[in-house]
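# Coordinates in review
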Amino acid sequence: MRDDRSTRSDGYVAICAAVVSSLLATTADAQISGFGRTSAPMYGGSGISTRPSSSIQPMEGTYAPNHKTPDGKLCISVYPLTRPQTNNPKIIDQMVLVKNICGQSIRVQVCYAGSRDCIVVPLGGYQKLQRELGIAAGSMSFQFEYRELN
């Protein structure tokens, strides 16, 4: 007959194995369902040419699809805005106007191009919001990239 310590140890190992396997299954399900995927980045800018779109298409399933209207137009558009500050006109507010022309709520992440300096803009259906992306000394030009968050 086995002692109580051995039985408790076996029970502990079985519980740990069950917890680990359930965590692994949850992670796999999340990846399959598309949780956390974003749309492909779109680029824009103010006063400078924007990045040309690449002729190379991403792998199928890499990015979530963009939200579109029934006639195929993109729901989200982002426009750059710049404004000198009133106290010091050499300091420029760099802003974005994010517009949703669809009825569903969409979250959009806007970043300086090639940077992790980002803002998240949650938009309701048919909503337009102006947000500050950053501040620059004397530069009216900036590039940005944006993507839809799922």
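The next subject is the overall build of the chain. Scanning the chain from N- to C-terminus turns up one helix and seven strands. For the chain, the sequential pattern of α-helices and β-strands runs α-β-β-β-β-β-β-β. The burial tally for the chain puts 27% of its 150 residues in the buried class. In the form shown here, the chain has an accessible surface area of approximately 10200 Å², with 55% of it arising from carbon and sulfur atoms.

Time to look at the side chain of Ser39. Residue position: Ser39 is located in the loop between helix H1 (4–33) and strand E1 (42–46). Here the side chain of Ser39 touches Asn66 through a polar contact of 3.0 Å, side chain to side chain. Within the local environment of Ser39, its side chain forms a polar contact with the backbone nitrogen of Glu148, the two atoms lying 2.8 Å apart. Excluding anything up to four places from it in sequence, Ser39 contacts Tyr63, Ala64, Asn66, Arg147 and Glu148.

With respect to topology, four strands assemble into an open sheet ordered E1-E7-E4-E5, the strand pairing being antiparallel. Both outer strands of the open sheet, E1 and strand E5 (118–123), are each paired with one neighbouring strand and no more. If you compare each strand with its neighbour and ignore which way they point, the axes differ by 25° on average. Summarising the sheet, strand E4 (residues 106–112) and E5 pair through six bridges and their orientation is antiparallel. Note on E5: the bridge partner recorded for Cys111 is Cys118.

With respect to topology, three strands assemble into an open sheet ordered E2-E3-E6, the strand pairing being antiparallel. Here the strands that pair on one side only, and so sit at the sheet edges, are strand E2 (76–84) and strand E6 (128–137). Each strand axis lies, on average, 25° off the axis of its neighbour in the sheet, ignoring direction.

Right, let's get into the pattern of salt bridges. Counted by the stated rule, this structure contains two salt bridges. For the salt bridge of Asp93 with Arg83, the shortest nitrogen-to-oxygen distance reads 3.7 Å. Of this pair, Asp93 sits in strand E3 (residues 91–100) while Arg83 sits in strand E2, and the two are ten residues apart along the sequence. Taking the shortest distance from any N to any O, the salt bridge between Arg147 and Glu145 comes out at 3.6 Å. Assessed through its relative accessible area of 17%, Arg147 is described here as buried. What makes Glu145 buried here is its relative accessible area of 12%.

The next subject is empty space enclosed by the protein. Counting across every chain of the model gives one cavity of 30 Å³ or more. Taken as a whole, the largest cavity holds about 40 Å³ of empty space. As for the largest cavity, its lining consists of Ser39, Met42, Asn66, Leu74, Ile76, Tyr146, Arg147 and Glu148. Ranked by the residues each element gives to the lining of the largest cavity, the list is headed by strand E7 (residues 142–149), at three residues.

Definitions and limits used
Residues numbered from 1 in each chain as written. Predicted model: local features only at pLDDT ≥ 70, side-chain atom pairs only at ≥ 80, totals over all residues. Heavy atoms only, no water. Helix = DSSP H or I, 4+ residues; strand = E, 2+ residues; numbered from the N terminus. Buried < 20%, exposed > 50% of the residue type's maximum accessible area, 1.4 Å probe, protein only. Areas by Shrake-Rupley, 256 points an atom, 1.4 Å probe, with all protein chains shown as cover. Polar contact = N/O pair within 3.5 Å; in protein donor to acceptor, adjacent residues only side chain to side chain. Contact = heavy atoms within 4.5 Å. Pairing = 2+ DSSP bridges. Axes fitted to C-alpha atoms, helices over the stretch in contact; angles between N-to-C directions. Salt bridge = Lys/Arg side-chain N within 4 Å of Asp/Glu carboxyl O. 1 Å grid on protein atoms, 1.4 Å probe; cavity = no way out; pocket = protein on both sides within 12 Å on 5 of 7 lines; lining within 4 Å. Points joined across faces, edges and corners; volume = space filled by probe spheres on them.

Structural measurements only, silent on function.
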